[in-house]
There are 4 protein chains.
Amino acid sequence: MTKSDAAQRPSRPAFLGDLFETLTDRGRALLRWRDPAGRITAPPGLPEMGDLLLSRRGEASGVALARALVTAFEDAESDTRREFLMTLADRFGPDPQAVAKALAALQTEPESVEAVEALHSASEPRRQELFRRLNLAPGGTAALVRMREELLRHLRGNPSLRRVDGDFAHLFASWFNRGFLVLRHIDWNTPAAILEKIIRYEAVHAIQNWDDLRNRLQPSDRRCYGFFHPQLVDEPLIFVEVALTKGIPDTVAPLLEVDRKPIDADRAGTAVFYSISNTQRGLAGVSFGNFLIKQVVEELKAELPNIQTFVTLSPVPGFAAWLARAREGGGLLDDALRADLKPLDQPGWHVDPDAAQALREPLLAAAAIYFLRGRDGKGRAVDPVARFHLGNGACLERLNFLGDVSANGLKQSHGLMVNYLYDPDRIETNHEAFAERTDIAASDAVRRHLPAAQAITKETP
Amino acid sequence: MTKSDAAQRPSRPAFLGDLFETLTDRGRALLRWRDPAGRITAPPGLPEMGDLLLSRRGEASGVALARALVTAFEDAESDTRREFLMTLADRFGPDPQAVAKALAALQTEPESVEAVEALHSASEPRRQELFRRLNLAPGGTAALVRMREELLRHLRGNPSLRRVDGDFAHLFASWFNRGFLVLRHIDWNTPAAILEKIIRYEAVHAIQNWDDLRNRLQPSDRRCYGFFHPQLVDEPLIFVEVALTKGIPDTVAPLLEVDRKPIDADRAGTAVFYSISNTQRGLAGVSFGNFLIKQVVEELKAELPNIQTFVTLSPVPGFAAWLARAREGGGLLDDALRADLKPLDQPGWHVDPDAAQALREPLLAAAAIYFLRGRDGKGRAVDPVARFHLGNGACLERLNFLGDVSANGLKQSHGLMVNYLYDPDRIETNHEAFAERTDIAASDAVRRHLPAAQAITKETP
Amino acid sequence: MTKSDAAQRPSRPAFLGDLFETLTDRGRALLRWRDPAGRITAPPGLPEMGDLLLSRRGEASGVALARALVTAFEDAESDTRREFLMTLADRFGPDPQAVAKALAALQTEPESVEAVEALHSASEPRRQELFRRLNLAPGGTAALVRMREELLRHLRGNPSLRRVDGDFAHLFASWFNRGFLVLRHIDWNTPAAILEKIIRYEAVHAIQNWDDLRNRLQPSDRRCYGFFHPQLVDEPLIFVEVALTKGIPDTVAPLLEVDRKPIDADRAGTAVFYSISNTQRGLAGVSFGNFLIKQVVEELKAELPNIQTFVTLSPVPGFAAWLARAREGGGLLDDALRADLKPLDQPGWHVDPDAAQALREPLLAAAAIYFLRGRDGKGRAVDPVARFHLGNGACLERLNFLGDVSANGLKQSHGLMVNYLYDPDRIETNHEAFAERTDIAASDAVRRHLPAAQAITKETP
Amino acid sequence: MTKSDAAQRPSRPAFLGDLFETLTDRGRALLRWRDPAGRITAPPGLPEMGDLLLSRRGEASGVALARALVTAFEDAESDTRREFLMTLADRFGPDPQAVAKALAALQTEPESVEAVEALHSASEPRRQELFRRLNLAPGGTAALVRMREELLRHLRGNPSLRRVDGDFAHLFASWFNRGFLVLRHIDWNTPAAILEKIIRYEAVHAIQNWDDLRNRLQPSDRRCYGFFHPQLVDEPLIFVEVALTKGIPDTVAPLLEVDRKPIDADRAGTAVFYSISNTQRGLAGVSFGNFLIKQVVEELKAELPNIQTFVTLSPVPGFAAWLARAREGGGLLDDALRADLKPLDQPGWHVDPDAAQALREPLLAAAAIYFLRGRDGKGRAVDPVARFHLGNGACLERLNFLGDVSANGLKQSHGLMVNYLYDPDRIETNHEAFAERTDIAASDAVRRHLPAAQAITKETP
């Protein structure tokens, strides 16, 4: 290209031609920014970087530009970051001209599948490609997950962000497809950098310290498994803690005791999933738990043929609140049962043997109604944990009176815990019946707690 | 669920409820199929399995169903497979009702970005979700790549498959995003299972046997790098072979000689990319080469600061065919040059020193015209290898007369080879100028071979 | 073998023939013991197992027998174990007959080197071969190290054990030859099973908890390296903690502060070895520290060319005790100095600025005398840490007044800390001069603290 | 140290003080040599380096000095190397003074175990410590193994080298103790650098090329295992090739066929060790095979419970030579048998069905005599392969007529192959009976081939 050539191209924006140059430092491409006069200058704003990354220039310098944008976003002030997220909603939606053209084409040939599919392509929000290009940055996947985590905090009050969130969710569902996840056994030989995250993320039964952690990983009758994504090597996406036992436990405290004597893994008959925790808020809505539990069932079956029963020991977080409302009337509890539940109002009833004895049957009856008859405003099972496990195809196996007498256990569920059973032979049928008709799979033992009148009523009126 | 319950649900298709059950064998979920009467039966057809996988049932049994479909597809006869691919085009396109509804909503609010984005979602071909669910199968990613490879063979003559291909391409571009690829050094300590694929896939200078392979991997002045995807652990997606040399080589034979004496890597000044091969036809259109070369440049710079020059030694596959046409007229070659090129028609000219000497300048002049002035029917640079490297931002550095005197080299390019130079400082500018205006980045040495008249003409009129 | 054959062999001890049989359980060979009548019985005593292991039977069943002996030893009561160790001294010494024969042969040919070497072989204590065979057991190496650790506790009061100890030491020096050790970087990605041992074994500056540990491993300006043996994968044999700093530090507290701001590793100029800990008492006398420090110097030089200075920050554990004696007289301290040191007796002098100021020079003078002139009863340098570093070829670089004002630091050394400098160019000369003539390598800065009279005196009279 | 100090030490040999200095290059310590005047000079001779390495100087600079000696030895001319080995015998034997002193002490106290053990220590040849220090060099272990390999070539004709060899053997037996070896599965995912050694070292059935190799590693019914030492990562010390079959094979050709159809590993009932090869001549006399076979039996039992039978398919390398002598007379073969064996002299008898049929019984009878009655000059079983397997405790299970009709098979054993059976329940008894009385463990099927007269005779007269 001769000098005169350049002179003849007035239309070419100096902007694109000279804005930055790539430097290489110890094997990493970095950028240095220049102004139109060629002077070294501060980098442009985040939206401008986004435009650049989507431009032709971005094809050649994708890695360096993506790194620059990711770094600039994370270094920016909170306000600047929120503003950029809003810009994603406004300025990085579908290309209006392309959409108009595709719509016009469709009107010409309303029956054409080609035209519909062309419209689909034309209407893809530009931010989807932007996210794919940001992923070129070293650590890009993790950065995008954090970016969505931040976006979720701004969702309330910024409804337009919901569209951006939808694109994140769509992309993450594809990238974090179970086919790309790796199941790893987490034990005492796992790097500390991962273990400290287990401590941090455990959401069900908090891990007090490293000794408590070791107590859940090292004994012969304890297991922990997590799903990892190749791009987030240090970050378990979800993990489950398992106790190998001789029967189905009804309380959690003995499982967590530090001084208990472990049993041999090949003498256990039951695997108890006593805690399952998601770790990445930025991956909300991408479902891993279902796959994790089933994969762990298969792993344990292959390793320990002696294990025949797979259950959870689960909290019932919605019970106490639901019961409070039900005791006020509404028809699910009859008068006799409401009367029998009176002692619940007596503080410390659970340590008073007589009161506890008197409450056992009424409370279990109410719990059976809660699980089998109760529905929330959307017609769903009330309990969120129940929705998860029943939705996975598990069956409500047992109600455990005073299974968790911690302050929190008493408060949220009057001490109730339950076991969900994962029976591989019935998972599909259960799942489908629950998904289509909210049929609750429950053992006879659970159903027997229903008061006679309720038992006659069909559960799905 | 009691018996009478079941009797009350005539509308429920026995099909879905009883079609299959999941078995677990050594930690792998398998399916057993049943007919409506509950008898064990043969599996349904591929499209029916596809429907099942997209149904609610598919949510609960995704992994087992995906595995069943993948296996059934691969075990099927060729005709059945092609038919299934056609079905993907016809039956697994966008949901017409959803599209109609979204279009109607858009007509109500023509200015609504929400409505456009809702239309985008509604018009996604169902096979995209099908592919994502197939990916749940163990080895699913590889199976999908093979499925597309097969589809590509049927493309000609089945235009509707082009839409299916577009969805594959879209999904693979996302899944094989450079951010998910891992660069690995391939050497003599690499597992044989990978090395045999290097032998099989090498597309530029065939590898004769394992000794030839070792000769390209083990010496101190040889390197090989490839991109791998975590789901395809044994399969390099693309790889490049590198020779470390003391200057820019002009012929390939000495690089491949088995008996040459290697030099110390820290005495080399130049890295020569003498072969770059894509391996997966099923990933056609997903571009890796650009990223691979740049990443290898950064790796080598970090490891060996003594290496300052990064070039290719490349074939010129389109030259002989272009020259044959150009010698017939059309204006790019003037009469004098056409006359000077006559000796080309003499067989064995390249081993006749006088003939070779006489042809040197005319042939290099013709080559300069080919690269700098020649355009194909779409206005692009004629040479496909040139398009790749110039598109990456490289610069045409040198023309090598008789660089490859193998039968193939003489036939396709009259023995010509060239070097493309990767200069990190100029990659963006080159790339952009090439992409926007087909400006050919070339050294002065190359330009000087242009006949005087051509040199005056601007190359981009 | 027919029945009659067996009947004809009355001389064959049933003992050896039928004592045990090998069982295989999940890939591990186990033993079942039988009495002469063939009935299953308890295993024999430890010494009998030792004899068996050295017998021909032991050749065929080495692994299982070694495992049985190791397990039996570790499961035995403390008394039984000590007794077995005593038996090793008495019953597993050299074979007297073989020695007598070899001595006789030597007397016949007193000049024969062959005869001397044959005597050497004949006089090898049988326990050496026993130890080599015990090493066949899975985990045998670790078990032998633990066995010696126990032996060391019984040494005082059982002088014959000293010979057994000598054989352990001889064998371990060969097995733990530096050529078999692996240097590993210990960081926050190291398995927790190893890290908890770092916490347990740190002997210089105790690690409070996992946060304290992370603070020594994770920041960019901290390193930790250890030697590992392939047979003891989870056990660092020795490890050193390193701080990368901008100058030579004179106090340890800032290095250990949790809230300090790390610097970039490639901006540091100095590497400070602030803690080095041996971990295996059972390997006492096998020297690793010398090799570890030198290897780490080479590692750091290769990784960070910016680091030019390698020093320790070390305690002076013998100083206060030595000074107390020296102040009572004996000639090393003159009267003036003794008078100047008086304020040392005032409690809390180190927090009284005037007292501290007054003591600075006298105390440093006394310290210079301690290092440069002081000798213990065997004519060695008094300070054990000094003997280690000077013996490695380091040089005493600097005396740090009030470098460690912890209770322990004040008690053992009146707060003094010192830096030893590892200068690769002078290590051999220093080492040799120290080893041969107890020449103390010390900087001019240290020597200048010597009182005038002492400085004139040659240090090695 | 002041200048005047240095001037006062005339007695210090410049030799030790200035002979070399350590340089560090990219993290490796190197030496630069100086003459007494301080000028850079060529390195000293190998024996002088050996002395230095054993000196105090060697303690400080062990790694660098060991590396220098190893490199100098390997770079030296063949004559220089042999000379150095001779010097090891002469100059690096036991220290005569120390021996004399220890002998004198023993004469004072002839009953003292301490004195005997002190004599043992005093009489250790100095080269043992030299070898241990040479092991400090990077790659030192491998270098020592190569050094002994060279020594073995010079043994004949240099009887004094036998003592050096004994020290190598003693040290290697300790260093390559089975407790330090690692069993590794060798398959098609093994690095090529190791696989090419399998090709090179296979000693029983030569591996033609990489396809042949893959055919022995990759199919579902093939296994290969080797012992590795942590210091020789790329070098299998010994390896065994295993075929999983449905019965005990009697010929080798079908096992090696490239086009055969593999069976599922979990359908096999028998594991056949059809080739076992030692690789390191320098480790002659250190026995691995016994441990390897037993370990592989345990591995396979744990992985594939369906495998119940463990046999070899082995050559009979000594049979033809023994038979030629036996047919000349000597009493083991009676006249009738000698007559029946006549057709053996007819070339091509094995492809003549009648001749083959006629020879079958006589040849198997002769083979039974060979194994059960034949003894070599030292009273041992004649066949070296038999000695190995019977010595391991295996039993001679079956004689296979025309099991190997290759030219070599016919030549060395008239086509005979045999199976040795490894029955874990009988290994110890077999081993011991063989080791103590050369009792040959053989099946009834083998014994039945003995001519009647021989069968009556006891096998161990």
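Since the structure is predicted, the reported quantities are computational estimates derived from the model, not experimental observations.

1. A few points about the overall build of chain A
Reasoning step 1: Each helix and strand in chain A was counted, giving 23 helices and ten strands.
Reasoning step 2: For 461 residues, the compact-globule formula gives about 23 Å, and the C-alpha radius of gyration of chain A, at 28 Å, lies well above that figure.
Reasoning step 3: Structurally, chain A occupies a C-alpha span of about 100 × 55 × 40 Å along its principal axes.
Reasoning step 4: The contacts in chain A between residues at least 6 apart in sequence include a share of 69% that link residues at least 24 apart.
Reasoning step 5: Accessible area of chain A: about 19900 Å², with a carbon and sulfur share of 51%.

2. Regarding the UniProt feature "domain: Malonyl-CoA decarboxylase C-terminal" (unreviewed entry) in chain A
Reasoning step 1: With numbering matched to this structure, UniProt assigns "domain: Malonyl-CoA decarboxylase C-terminal" (unreviewed entry) to residues 179-423 of chain A.
Reasoning step 2: Spanning residues 179-423 of chain A, this segment combines 36% helix with 19% strand, and its end C-alpha atoms are found 23 Å apart.

3. What about the interface of chain B and chain D?
Reasoning step 1: With 13 residues of chain B at the contact, the number on the chain D side is 13 residues.
Reasoning step 2: Interface of chain B and chain D: buried area, both sides summed, is about 1100 Å²; carbon and sulfur atoms make up 47% of it.
Reasoning step 3: Among the residues chain B hides against chain D, the three largest losses belong to Trp188, Asn189 and Trp210 of chain B. Together they make up 40% of the total.
Reasoning step 4: The tally of links from chain B across to chain D stands at two salt bridges.
Reasoning step 5: Where chain B touches chain D, the interface holds eight residue pairs in polar contact (both at pLDDT 80 or more).
Reasoning step 6: Sorting the residues of the side of chain B that touches chain D by element identifies helix H12 (192-201) and helix H13 (210-217) of chain B as the ones contributing at least two each.
Reasoning step 7: If you tally residues by element for the side of chain B that touches chain D, the top one is H12 of chain B, at four residues.

4. Structural notes on helix H16 (residues 319-327) of chain B
In an α-helix, one full turn covers 3.6 residues, which means residues spaced three or four apart are oriented alike.
Residue and element names in this part refer to chain B.
Reasoning step 1: The complete set of buried residues in H16 reads Phe319, Ala320, Trp322, Leu323 and Ala326. Projected onto a plane normal to the axis of H16, the buried residues spread over an arc of 160 degrees and lie on a single side.
Reasoning step 2: Elements that come into contact with the buried residues of H16 comprise helix H17 (335-340), helix H18 (353-372) and helix H20 (407-413).
Reasoning step 3: Directly after H16, the chain includes Gly329, whose backbone phi takes a positive value near 120 degrees.

5. Structural notes on the packing of helix H7 (residues 96-108) of chain A against helix H8 (residues 113-122) of chain A
Residue and element names in this part refer to chain A.
Reasoning step 1: Closest axis-to-axis distance for the H7/H8 pair is 9 Å, and the angle between their directions is 170 degrees. The angle between H7 and H8 places the two elements in the roughly antiparallel class. Every residue of H8 that contacts H7 at Ala98, Val99, Ala102, Leu103 and Leu106 is listed here: Ala115, Val116, Ala118, Leu119 and Ala122.
Reasoning step 2: For the contact of H7 with H8, the residue count by class is ten nonpolar, no polar and no charged.

6. Quick notes on the packing of aromatic side chains
Reasoning step 1: In the structure shown here, the tally under the stated rule is 54 aromatic pairs over all chains.
Reasoning step 2: Centroid distance Phe172 of chain A to Trp175 of chain A: 6.3 Å. Interplanar angle 40 degrees. Geometry classified as tilted. Of this pair, Phe172 of chain A and Trp175 of chain A both sit in helix H11 (residues 161-175), three residues apart, roughly one helical turn. As far as burial versus exposure is concerned, Phe172 of chain A and Trp175 of chain A are alike and both buried.
Reasoning step 3: Put simply, the rings of Phe131, Phe168, Phe172, Trp175 and Phe176 of chain A together with Phe180 of chain B touch in pairs and so form one group of aromatic residues.
Reasoning step 4: The positively charged end of Arg200 of chain A is found above the aromatic ring belonging to Tyr201 of chain A, 6.0 Å away from the centroid.

7. A short note on the domain arrangement of chain A
All names here are of chain A.
Reasoning step 1: Structurally, chain A comprises domain 1 (13-175), domain 2 (178-312) and domain 3 (315-456).
Reasoning step 2: When each unit is reduced to the centre of its C-alpha atoms, the spacing between domain 2 and domain 3 is 26 Å.
Reasoning step 3: Contact residues are listed per partner, giving 16 residues for domain 2 and 15 residues for domain 3.
Reasoning step 4: Summing both partners gives a buried area of about 1300 Å² for domain 2 against domain 3, and 63% of it is carried by carbon and sulfur.
Reasoning step 5: Linking domain 2 to domain 3 there are zero salt bridges.
Reasoning step 6: Between domain 2 and domain 3 we count eight residue pairs in polar contact (both at pLDDT 80 or more) in total.
Reasoning step 7: Secondary structure elements with two or more residues in the side of domain 2 that touches domain 3: helix H15 (289-303) and strand S7 (309-312).
Reasoning step 8: Tallying contributions element by element places H15 first for the side of domain 2 that touches domain 3, with six residues.
Reasoning step 9: Grouping the amino acids of the side of domain 2 that touches domain 3 by side-chain chemistry returns eight nonpolar, five polar and three charged.

8. Here's the deal with the environment of Pro47 of chain B
Residues and elements named next belong to chain B.
Reasoning step 1: Mapped onto the fold, Pro47 is located in helix H3 (residues 46-54).
Reasoning step 2: When the C-alpha positions of Pro47 and Leu88 are compared, they lie 8.1 Å apart, and in sequence the two are 41 residues distant.
Reasoning step 3: Once residues within four sequence positions are removed from consideration, Pro47 is found in contact with Phe84, Thr87, Arg91 and Phe92.

9. Quick word on the UniProt feature "domain: Malonyl-CoA decarboxylase N-terminal" (unreviewed entry) in chain A
Reasoning step 1: Following the UniProt record, the feature "domain: Malonyl-CoA decarboxylase N-terminal" (unreviewed entry) maps to residues 92-176 of chain A here.
Reasoning step 2: End-to-end, the C-alpha atoms of residues 92-176 of chain A are 23 Å apart, and along that stretch the chain is 73% helix and 0% strand.

10. Observations concerning the relation of the copies chain B and chain D
Note on the chain copies: they are related by a rotation about an axis and a translation along it.
Reasoning step 1: The transformation that overlays chain B on chain D combines an axial shift of 0.0 Å with a rotation of 180 degrees, and the residual RMSD is 0.1 Å. With respect to symmetry, the two chain copies, as superposed, fit the operation of a two-fold axis. The rotation axis passes nearest to the C-alpha of Pro191 of chain B in chain B, at a distance of 2.0 Å.
Reasoning step 2: Both copies present the same face, since 92% of the interface residues in chain B are matched by interface residues at the equivalent positions in chain D.

11. A word on helix H8 (residues 113-122) of chain D
Reasoning step 1: Every buried residue belonging to H8 of chain D is among Ala115, Val116, Glu117, Leu119, His120 and Ala122 of chain D, and all of these are buried.
Reasoning step 2: Lining the buried residues of H8 of chain D we find helix H7 (96-108), helix H8 (113-122), helix H9 (126-134) and helix H11 (161-175) of chain C together with helix H7 (96-108) of chain D.

12. With respect to the arrangement of the chains
Reasoning step 1: The closest approach of any C-alpha atom in chain B to one in chain C is 12 Å; the two make no contact.
Reasoning step 2: Nothing in chain A touches chain D; the tightest C-alpha to C-alpha distance between them is still 12 Å.

13. Digging into the environment of Glu48 of chain A
Reasoning step 1: Relative to the helices and strands, Glu48 of chain A is located in helix H3 (residues 46-54).
Reasoning step 2: Remark: the alpha-carbon pair of Glu48 of chain A and Ser123 of chain A, spanning 75 residues in sequence, is separated by 22 Å.

14. Let's talk about the side chain of Arg178 of chain D
Reasoning step 1: Here Arg178 of chain D is to be found in the loop between helix H11 (161-175) and strand S3 (182-185).
Reasoning step 2: Among buried Asp, Glu, Lys and Arg side chains, Arg178 of chain D stands out as unpaired, with Glu299 of chain D the closest opposite charge at 7.1 Å.
Reasoning step 3: Setting aside chain neighbours within four positions, we find Arg178 of chain D in contact with Val63 and Leu136 of chain C together with Phe227, Phe291 and Gln295 of chain D.

15. Focus on unusual backbone geometry
Reasoning step 1: In the Ramachandran plot, Thr438 of chain B falls in the positive-phi region, its phi being about 50 degrees despite a non-glycine side chain.
Reasoning step 2: Looking at the secondary structure, you find Thr438 of chain B in the loop between helix H21 (427-437) and helix H22 (444-447).

16. Observations regarding the confidence of the model for chain A
For any part of a model where pLDDT is low, the fine detail of the predicted coordinates should not be relied upon.
All names here are of chain A.
Reasoning step 1: The predicted model of chain A has a mean per-residue pLDDT of 88, with 91% of residues at 70 or higher.
Reasoning step 2: Contacts for the low-pLDDT stretch residues 457-461, under 50 throughout, to residues beyond four places or in other chains number eleven contacts.
Reasoning step 3: Scoring the predicted complex yields pTM 0.87 and, for the interface, ipTM 0.85.

17. Section: the pattern of salt bridges
Reasoning step 1: Counted by the stated rule, this structure contains 108 salt bridges over all chains.
Reasoning step 2: Arg327 of chain A is paired through a salt bridge with Asp345 of chain A; the nearest N and O atoms lie 2.9 Å apart. Residue Arg327 of chain A is found in helix H16 (residues 319-327), and its partner Asp345 of chain A is found in the loop between helix H17 (335-340) and helix H18 (353-372); the two are separated by 18 residues along the sequence.
Reasoning step 3: A salt bridge links Asp165 of chain C to Arg148 of chain C, with the shortest nitrogen-to-oxygen separation between them at 2.7 Å. Within this pair, whereas Asp165 of chain C is found in helix H11, its partner Arg148 of chain C is found in helix H10 (residues 140-154), the two being separated by 17 residues in sequence. One exposure class covers both Asp165 of chain C and Arg148 of chain C, and it is buried.

18. Observations regarding the side chain of Thr190 of chain B
Residues and elements named next belong to chain B.
Reasoning step 1: By secondary structure assignment, the location of Thr190 is in the loop between strand S3 (182-185) and H12.
Reasoning step 2: Taking the relative accessible area as the measure of exposure, Thr190 reaches 7% and is therefore buried.
Reasoning step 3: At 2.9 Å, the side chain of Thr190 forms a polar contact with the backbone nitrogen of Asp187.

Definitions and limits used
- Residues numbered from 1 in each chain as written.
- Chains lettered and ligands numbered in written order.
- Predicted model: local features only at pLDDT ≥ 70, side-chain atom pairs only at ≥ 80, totals over all residues.
- Heavy atoms only, no water.
- Helix = DSSP H or I, 4+ residues; strand = E, 2+ residues; numbered from the N terminus.
- Rg over C-alpha atoms; globule rule 2.2 N^0.38 Å.
- Contact = heavy atoms within 4.5 Å.
- Areas by Shrake-Rupley, 256 points an atom, 1.4 Å probe, with all protein chains shown as cover.
- UniProt positions renumbered as here; feature names shortened; annotations may be inferred.
- Buried area = accessible area lost by both parts, 1.4 Å probe.
- Salt bridge = Lys/Arg side-chain N within 4 Å of Asp/Glu carboxyl O.
- Polar contact = N/O pair within 3.5 Å; in protein donor to acceptor, adjacent residues only side chain to side chain.
- Buried < 20%, exposed > 50% of the residue type's maximum accessible area, 1.4 Å probe, protein only.
- Arc of directions from axis to C-beta.
- Axes fitted to C-alpha atoms, helices over the stretch in contact; angles between N-to-C directions.
- Parallel < 35°, antiparallel > 145°, perpendicular 65-115°, else oblique.
- Nonpolar A, V, L, I, M, F, W, Y, C, P; charged D, E, K, R; others polar.
- Phe/Tyr/Trp six-rings, centres within 6.5 Å; stacked < 30°, edge-to-face > 60°.
- Lys NZ or Arg CZ within 6 Å of the ring centre and 35° of its normal.
- Domains from an automatic or database assignment.
- Least-squares fit on C-alpha atoms with pLDDT ≥ 70 in both.
- Lys, Arg positive; Asp, Glu negative; His and termini not counted.
- pLDDT = per-residue confidence, 0-100.

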